[in-house]
Every structure is written in C-alpha cells, then in structure tokens.
Amino acid sequence: MLRLLLLCGALGCGAERAAPLTFTMVQRTRVSKGSSVFWGNASLDGRLSHLLEGLNVTQVLPLEPPDAWARRQQDVATYLHYFRGLVKLFSKERPINYTQRICCHLGCRLFPNGTASSFYEVTLNGTAFLSFHVPNATWERRWPGRHEVATFAVKELMKYPTTTQDLQHFLNTTCVELLRAQSTWTGAQSSRSHTPLVLGLILGTFTLLGMAVGIFLCTGGSC
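An account of the accompanying structure is given in this report. (Residues numbered from 1 in each chain as written. Predicted model: local features only at pLDDT ≥ 70, side-chain atom pairs only at ≥ 80, totals over all residues. Heavy atoms only, no water.)

### Quick notes on the overall build of the protein
Helices and strands together make up the secondary structure of the protein, namely four helices and eight strands. In the protein, the succession of helices and strands from N to C terminus is β-β-β-β-α-β-β-β-β-α-α-α. Expressed as a percentage of its 223 residues, the buried residues of the protein come to 49%. Of the roughly 10,500 Å² that the protein leaves accessible, carbon and sulfur atoms contribute 54%. (Helix = DSSP H or I, 4+ residues; strand = E, 2+ residues; numbered from the N terminus. Buried < 20%, exposed > 50% of the residue type's maximum accessible area, 1.4 Å probe, protein only. Areas by Shrake-Rupley, 256 points an atom, 1.4 Å probe, with all protein chains shown as cover.)

### Things to note about the nonpolar core
Residues Phe23, Tyr120, Leu130 and Trp139 are the most contacted members of the largest nonpolar core, which totals 33 residues. For this core, the secondary structure elements donating two or more residues are strand 1 (21-32), strand 2 (35-44), strand 5 (99-110), strand 6 (116-124), strand 7 (127-133), helix 2 (148-157) and helix 3 (165-182). By residue number, the principal contributor to this core is helix 3, which donates seven residues. Counting nine residues, the second largest nonpolar core, distinct from the first, contains Phe38, Trp69, Leu80 and Phe83. (Core = buried A, V, L, I, M, F, W, Y, C linked by side-chain atoms within 4.5 Å.)

### Some thoughts on the state of the cysteines
Tallied over the full model, the rule gives one disulfide. Sulfur-sulfur distance for the disulfide between cysteine 108 and cysteine 175 comes to 2.0 Å. Negative torsions about the S-S bond denote left-handed disulfides, and the value of about -85° found for cysteine 108 with cysteine 175 makes this one left-handed. Of this pair, cysteine 108 sits in strand 5 while cysteine 175 sits in helix 3, placing them 67 residues apart in sequence. Each member of the pair, cysteine 108 together with cysteine 175, is buried. The thiol of cysteine 104 is not disulfide-bonded; the next cysteine sulfur, from cysteine 103, is found 6.7 Å away. (Disulfide = S-S within 2.5 Å.)

What follows is the structure, encoded as structure tokens:
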C-alpha cells in the first residue's frame, strides 16, 4: 500500500566515499471516518525525486520522458483512487470512529564494494507493524505481542504476486539497477533508460489495501 512514498538521508559525493548510494520512498496514509489522505516523497542519492500529495505524484527529477511520466501519473492516481473507494466502502459496513496512520518506508542501498541491500518497513500509528523480508519475499509481523490485524494483513499480502514476487523484484532488481546506473564508482553513468521508480508507489498501494482490509475486518470481529 505501496503503490508510493519516501525520504533519503543526504549522501556524500566522490568515488572514495564509504556511504552507500540510496533510493528511498516514504508513503503515508491517514484513514479516518471513511476518508483517506495520502502524502509522501522519494529521494535518489539525497536528491528529492518524487513528491506525492493527495492523488497527485510529481516527478521532481527528470528521470522519465514526459509521455511515459504522464502514463505513470495516471496509473498512480487510478490505484490511489481505488484504495480511497475501498476505504469508503469498508467504512459503511464497519464504521471506525478513530484515525489510523499507516507509513510505508521502502528502498535500497548500493555500497562501494558493489553489494546491495533492500528493505520495506510498515508502521501503524507510529509502531512497527510489518516488514518485508526481501531475500525470500515473505511478510513478517513486527507488532509487539499478538495483533489480529497484523496477522490478517500478513496472510492477505502473501496471497498475491504483486505484494510478494513483484515487490521483491522491484526492491532487488529495479531499485538496485537504478543505483548502479547512477554510480560513479564504476565509471560513467549508464545510458539505459530508468525503470519506472513510481512502480514502488503502486506496489506500496497494494500493500496498503491488504492492511486496510485487515483493519476493517478485524475491527468488526471477522478475522
């Protein structure tokens, strides 16, 4: 949920630096009384690359040509609109009169020695909720103690290729290849076109869908 999006720490420059190249996305969603609000951002090597406000995502860095980016914007708006519609539908069946805040933090790091690591972490109301174990494409509960919503969300997210294999490919391959193209450690930047970064936002939205279903169903005692 997730699919976006994103915050990156500033990195130093130069071939000798020890700090890794980093691409991160932070996607925040607030669900309250049948409404949902989205905001977030993405950063590439310390530079703001994308900005999410409501249903609109803006490309700050020109990583994709205008025609391709226009299609990507529409994809994001469609997925977020779908999520917003589901929240309204669920809230009519099982009203929740309090606010839920979900934050998805995902990305990858490329180290000077050529190794890479990826991550996807989810918090619910400021507490660690779920994490995605990238090497074997599995979701794990992080909530302290027993939590029906977390258990249900893991079960739902493990059902679909979009939130398992596709997400794994994005984090292990798409994200890392982007950083390799940006890296100066191995010479000039690659001339290959950038694989759509905003795909991470779309995948993040699917993750949010799984959690939202869990929140509403479990609150109603149907888990």
